[in-house]
Amino acid sequence: MRGRKDIFAPAGKIGIIIGTSKYGPIIESIKSDSPLIGKVFPGDYVLAIDNVDTSDWLAENVANLVAAKTDCVKKLTLLSKHWDDVV
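Read on for an overview of the structure. (Residues numbered from 1 in each chain as written. Predicted model: local features only at pLDDT ≥ 70, side-chain atom pairs only at ≥ 80, totals over all residues. Heavy atoms only, no water.)

## Looking at the environment of Ile27
Consideration 1: If you trace the backbone, Ile27 turns up in strand β3 (residues 24-30).
Consideration 2: Put simply, Ile27 and Ala59 are 32 residues apart on the chain and 9.2 Å apart in space, counted from C-alpha to C-alpha.
Consideration 3: Apart from the residues lying within four places of it in its own chain, the contact partners of Ile27 are Ile16, Ile17, Val40, Phe41, Pro42, Gly43, Asp44, Val46 and Leu78. (Helix = DSSP H or I, 4+ residues; strand = E, 2+ residues; numbered from the N terminus. Contact = heavy atoms within 4.5 Å.)

Structure below.
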């Protein structure tokens, strides 16, 4: 079962690789130095960034939006099968 969750990413690079799936943008991997380790997981879908609906965007567009907000804290709204794993 998947649950919706909001994660706040600090200013700076967030160290995730986003891909495009037939269901929308998805986290493919997390870099070893990512500040989001343990908060996001491969397979999480990126539904929104700072309340901007990204659910039908290509990965490149999501990455560009995240990059444009590098100097800011970012709210990522995700659909995750790891809902119970996140504190």
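Following the structure, the description resumes.
## Observations regarding unusual backbone geometry
Consideration 1: Within the chain, Asp50 stands out as a residue other than glycine whose phi angle is a positive 50°.
Consideration 2: Here Asp50 is to be found in the loop between β4 (45-49) and β5 (52-53).
Consideration 3: Of note in the backbone geometry, Asn51 takes a positive phi value of approximately 70° without being a glycine.
Consideration 4: Using a relative accessible area of 60% as the deciding quantity, one classes Asn51 as exposed. (Buried < 20%, exposed > 50% of the residue type's maximum accessible area, 1.4 Å probe, protein only.)

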